[in-house]
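What follows is each chain in one-letter form.
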Amino acid sequence: MKLTGSQILLESLRLEGVETVFGYPGGAVINIYDDLYDSPINHILTRHEQAAVHAADGYARTTGEVGVVIATSGPGATNTVTGIATAYMDSIPLVIITGQVPTALIGNDAFQEADICGITRPCTKHNFLVQDLSDLPRMIKEAFYIARTGRPGPVLIDLPKDIQVASMKFSYPETVKMRGYKPTAQGDVRQIGKAAQMMLKAKRPVLYVGGGASLANADPELLRLAELLQIPVTTTLMAMAAFPGDHPLALGMLGMHGTYFANMSVTECDLLVAIGARFDDRVTGRIDAFAKKAKIIQFDIDPSSIHKIVRVDQPVVGDLKWVLTSLLAQLEEQSQDVARQIENTIDWRKEIAGWKAKHPMGYQASDSVIKPQYVIEKLSELSAEDAIVTTEVGQHQMWTAQFFRFRQPRTFLTSGGLGTMGYGLPAALGAQVAFPGRQVIDISGDGSFQMNSQELATLVQYRLPVKIAILNNNYLGMVRQWQQLFFDKRYSQTVMELPIDFVKLAEAYGATGLSTDRVDEVEAVIQKAFAIDGPVLMEFKVCREENVIPMVPAGKGIHEMVLAS
Amino acid sequence: MKHTISVLVENEFGVLARVAGLFSGRGFNIESLSVAPTLEPDTSRMTIVTRGDDRILEQITKQLNKLISTIKVVDFTDEEYVERELALIKVTAESDSRAEVLRIVDIFRAKVVDVTPKSYTVEMTGAPAKIDAVLVLLSPFGIKEVVRSGPVVIGRGSKGVAG
């Protein structure tokens, strides 16, 4: 039996195990949407294509599966770009299908034509323009394989309209054959052995964990490794949920807004073990002052991450779950050395405990005005063990990383690499679609929230009970903080002059809106929101000029923190 | 330091843009690039001349390998290789200078492939430095136009680089 291109697409998605897609219809994908009408695949209609990509991204980050998006040609396709770039920077597996004008019109400046393959080439792991229907099944198969294997990432398939309507006999390939793509899965056992020896000899070791750990589902191995050798663990923004935040070995986040004790530990350590982390400039600060007393081991799936920013003494390329399992097996064979090593590093852990006691993570509490950090502490305290938290970008994002205690892997979704304002609400939407029964909270600022607030409509339409907490300071707070500290308080274009009635905004979409400016009501508002079986927007009118502290000024080493406002 | 890199790629839609975009997007420099299909019609070979220190070259090689369309990357810099470039040079050659131009063409074992009463078009193949030298010698006569292919390289010895 012959199938059309759009039927082949949907059948291939079904064979890849796709249950849900996020998207937005349009002229160049109308055939796909016509076939979707009869398809078992669940489609979530967002209110903007950017949000469809962030939602698929939230779906992918929480489930570990490939998120799928459909958008039309031209503006539909270009609207996906920020979402794609966000996923690319954070290595999130997505497949984005865009409609394209008919092949005969490509290059003619046709209506709603954009060269989306050209536009997304630098922000996708790979992309395909389908020029012949017979290539389509293979390209879909390869797209999913590329997206989810190796270092994951977004893959785009541009599908011209004439190919959607052409037909042929369909068979889906069972295997992938690509001469140029063979990701390394297993690490070099000899190199892992050398790394193990370094870890058994170090006097002052630290584990520096990035987003790669959870992407490889290596969180349990990470926990075992830390506990086996009693090595303190600092995590990047991307890895806050990879290691339990309340664990005695947890140092919290490092870098520009990292904890005093995490940054001091990295500065003073003699062995830094990077696990799925890429030495981002927000982590390292001034690079020649970063971990300069340390030998560095780096475990990573991506060979191009090795030696990219810093010279590494012992690299190991491979899938982190495989590599850490192998490392643990080698270490467990040397139980005497392990026991001796735990003894040898007691002083180091004491020194770190001293730093923790000297400058613990904290803030100046207040009875008269709501401190944003207080709201986050309360959200952390009152939320479920397996609650999923998303953020937008800015001060509230850093406070969430600093004051929310994450307890399980894949429960913290944030745009770490690209820093995309407007990410959190649609990502929460996608996470809630993936896990209808779990608590999903978008922690937001008043600025970021307005970048994708239209998605309140999607939440209400699909009865997705996402809880939104807006920390409203009527500022673009992070930029304001920089202007305060480095630009003589010249608050250029960071004052949100028009106060928004967020309660009415929520109600206009059919959601519940709650608002308070009283410290003693914060807990009650959160409890009330959590008890409502539907989307709720909570507005907390917070202390307006609160700063994110500690802070490493640009160009300084991470030990040169500003500790007080 | 100058490096000459061979890149074997899948001969598919957009592959040249992928490679060129990688260089511009990451701030790497391309001095020359030449590309043509190999014996297998679905594979092309690019020869890229670039500059950078060891760290940059390591990144260039790794980032090229990371492209899905890349089959193989060889940096010839530390190996023995033969390097050749083709140049077509249109040089002014009128009455009194015609013999002198021909003499230079002969010395470099180049050849004249088009003649007019006022000019010779010279075809010259050789290492890039040889071509630079012939251009220096011909320039006093007046060079109207030069087209250079950019170098291509192949390793010395019996071993071949194949996909």
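Residues numbered from 1 in each chain as written. Chains lettered and ligands numbered in written order. Predicted model: local features only at pLDDT ≥ 70, side-chain atom pairs only at ≥ 80, totals over all residues.

1. Looking at the overall build of chain B
Step number 1: Scanning chain B from N- to C-terminus turns up 4 helices and 9 strands.
Step number 2: Starting at the N terminus, the α and β elements of chain B follow one another as β-α-β-β-α-β-β-α-β-β-α-β-β.
Step number 3: A principal-axis box enclosing the C-alpha atoms of chain B has dimensions of 55 × 35 × 30 Å.
Step number 4: For chain B, with 163 residues in total, the buried portion stands at 24%. (Helix = DSSP H or I, 4+ residues; strand = E, 2+ residues; numbered from the N terminus. Buried ≥ 20, exposed ≤ 12 C-beta atoms within 10 Å, placed from the backbone.)

2. Considering the overall build of chain A
Step number 1: When you go through chain A residue by residue, the secondary structure sums to 24 helices and 20 strands.
Step number 2: The C-alpha radius of gyration of chain A comes to 24 Å, within 12% of the 24 Å expected for a compact globule of 565 residues.
Step number 3: Viewed in the frame of its principal axes, chain A has a C-alpha envelope of about 70 × 60 × 40 Å.
Step number 4: For chain A, buried positions account for 55% of its 565 residues.
Step number 5: Across chain A, the fraction of contacts at a sequence separation of at least 24, relative to all contacts at a separation of at least 6, is 77%. (Rg over C-alpha atoms; globule rule 2.2 N^0.38 Å. Contact = placed C-beta atoms within 7 Å.)

3. Structural notes on the confidence of the model for chain B
Step number 1: Chain-level statistics for chain B give a pLDDT mean of 94 and a share of 99% at 70 or above.
Step number 2: When pLDDT is averaged over each helix and strand of chain B, the minimum, 94, is found for strand 9 (residues 152-155) of chain B and the maximum, 98, for strand 8 (residues 143-148) of chain B. (pLDDT = per-residue confidence, 0-100.)

4. Considering the environment of A:A239
Residues and elements named next belong to chain A.
Step number 1: Looking at where A239 falls in the secondary structure, it is placed in the loop between strand 10 (233-235) and strand 11 (250-253).
Step number 2: It is 30 Å that separates the C-alpha atoms of A239 and I157, two residues lying 82 residues apart in sequence.
Step number 3: Apart from residues no more than four positions distant in its own chain, A239 is found in contact with V209, G210, G211, A213 and S214.

5. Points about the sheet that holds strand 17 (residues 440-445) of chain A
Residues and elements named next belong to chain A.
Step number 1: Pairing is parallel across the open sheet formed by 6 strands, whose spatial order is 16-15-17-18-20-19. With one partner strand each, in any of the chains shown, strand 16 (412-413) and strand 19 (512-516) form the two edges of the open sheet.
Step number 2: Examined bridge by bridge, strand 17 and strand 18 (residues 467-472) share 5 bridges and lie parallel to one another. Of the residues in strand 18, the one forming a bridge with S444 is I470.
Step number 3: The sheet contacts of helix 17 (residues 372-382) involve strand 17, strand 18 and strand 20 (536-541), and relative to strand 18 the element is tilted by about 165°. (Pairing = 2+ DSSP bridges. Axes fitted to C-alpha atoms, helices over the stretch in contact; angles between N-to-C directions.)

6. A few points about the pairing of strand 19 of chain A
All names here are of chain A.
Step number 1: As paired elements, strand 19 and strand 20 share 5 bridges and run parallel to each other. Note that in strand 20 the partner of S515 across the bridge is E539.
Step number 2: Taken together, strand 19, helix 24 (residues 522-531) and strand 20 constitute a β-α-β crossover, and its handedness is right-handed. (Right-handed = clockwise from strand over helix to strand, strands pointing away.)

7. A word on the packing of helix 3 (residues 49-63) of chain A against helix 5 (residues 81-89) of chain A
Residue and element names in this part refer to chain A.
Step number 1: Following both chains from N to C, one finds helix 3 and helix 5 inclined at 25°, their axes separated by 7 Å at the closest point. When the axis of helix 3 is compared with that of helix 5, the two are roughly parallel. Where helix 3 approaches helix 5, its residues Q50, V53, H54 and D57 are matched on the opposing element by T82, G83, I84, T86 and A87.
Step number 2: A class-by-class count of the residues in the contact of helix 3 with helix 5 yields 3 nonpolar, 5 polar and 1 charged. (Parallel < 35°, antiparallel > 145°, perpendicular 65-115°, else oblique. Nonpolar A, V, L, I, M, F, W, Y, C, P; charged D, E, K, R; others polar.)

8. Concerning the interface of chain B and chain A
Step number 1: With 18 residues of chain B in contact, the opposing surface of chain A contributes 16 residues.
Step number 2: Elements with a minimum of two residues in the side of chain B that touches chain A: helix 1 (15-25), helix 2 (54-66) and strand 4 (70-75) of chain B.
Step number 3: In terms of residue count, the dominant contributor to the side of chain B that touches chain A is helix 2 of chain B (6 residues).
Step number 4: Considering only residue class, the side of chain B that touches chain A consists of 4 nonpolar, 8 polar and 6 charged.

9. Digging into the packing of helix 17 of chain A against helix 18 (residues 395-403) of chain A
All names here are of chain A.
Step number 1: At a minimum axis separation of 9 Å, helix 17 and helix 18 run at an interaxial angle of 50°. Considering the angle they form, helix 17 stands oblique to helix 18. As for how helix 17 packs across helix 18, the hand of that crossing is right-handed. Along its contact with helix 17, which presents P372, Q373, I376, E377 and S380, the element helix 18 presents H396, W399, T400 and F403. (Left-handed = near helix turned anticlockwise from the far one by under 90°.)

10. Some points on the nonpolar core
Step number 1: Of all hydrophobic cores here, the largest spans 190 residues; its most connected members are A:V69, A:L94, A:V95, A:V209, A:L272 and A:M538.
Step number 2: Leave out the neighbours within four places in its chain, and A:L94 touches A:V53, A:A56, A:D57, A:A60, A:V66, A:G67, A:V69, A:A87, A:A147 and A:P154.
Step number 3: B:I89, B:V91, B:V101 and B:A110 belong to the second-largest nonpolar core, a separate cluster that totals 13 residues. (Core = buried A, V, L, I, M, F, W, Y, C linked by C-beta atoms within 7 Å.)

11. Let's talk about the pairing of strand 9 (residues 205-209) of chain A
All names here are of chain A.
Step number 1: Of all 5 residues in strand 9, 5 are buried, a share of seventy percent or more.
Step number 2: Every second residue of strand 9 is oriented toward a common face, with P205, L207 and V209 on one face and V206 and Y208 on the other, all of them buried.
Step number 3: Alignment of strand 9 against strand 12 (residues 271-275), held across 5 bridges, turns out to be parallel. Looking at the pairing, Y208 lines up with A274 of strand 12.
Step number 4: Sheet analysis places strand 9 next to strand 10, joined by 3 bridges and oriented parallel. Among the inter-strand pairings, V209 is bridged to a residue of strand 10, identified as T235.

12. Comments concerning unusual backbone geometry
Step number 1: Across the junction of A:I549 and A:P550, the peptide omega takes the value 0°, indicating a cis bond.
Step number 2: As for its placement among the helices and strands, A:P550 is situated in the segment after strand 20.

13. Quick word on helix 19 (residues 424-434) of chain A
Step number 1: Burial within helix 19 of chain A is extensive, with 11 of its 11 residues counted as buried.
Step number 2: Residues of helix 19 of chain A that are buried: A:G424, A:L425, A:P426, A:A427, A:A428, A:L429, A:G430, A:A431, A:Q432, A:V433 and A:A434.

14. Observations regarding the sheet that holds strand 3 (residues 43-51) of chain B
All names here are of chain B.
Step number 1: In spatial order, the strands read 2-3-1-4; together these 4 strands make up an open sheet with antiparallel pairing. Two strands in the sheet have a free side with no partner beyond their single neighbour: strand 2 (32-37) and strand 4. Within this sheet the neighbouring strands show an average axis-to-axis angle of 15°, counted without direction.
Step number 2: Sheet analysis places strand 2 next to strand 3, joined by 6 bridges and oriented antiparallel. In the sheet register, S32 faces strand 3, and the bridge partner there is V49.

15. Concerning the environment of A:L328
All names here are of chain A.
Step number 1: You can see L328 is positioned in helix 14 (residues 320-332).
Step number 2: Separated by 132 residues in sequence, L328 and A196 place their C-alpha atoms 8.6 Å apart.
Step number 3: If sequence neighbours within four positions are ignored, L328 has contacts with E221, R224, L225 and L228.

16. Focus: the environment of A:P220
Residues and elements named next belong to chain A.
Step number 1: Residue placement: P220 occurs in helix 11 (residues 219-229).
Step number 2: A count of 12 C-beta atoms within 10 Å places P220 in the exposed class.
Step number 3: Taking the C-alpha atoms as reference points, P220 and T325, separated by 105 residues in sequence, lie 9.8 Å from one another.

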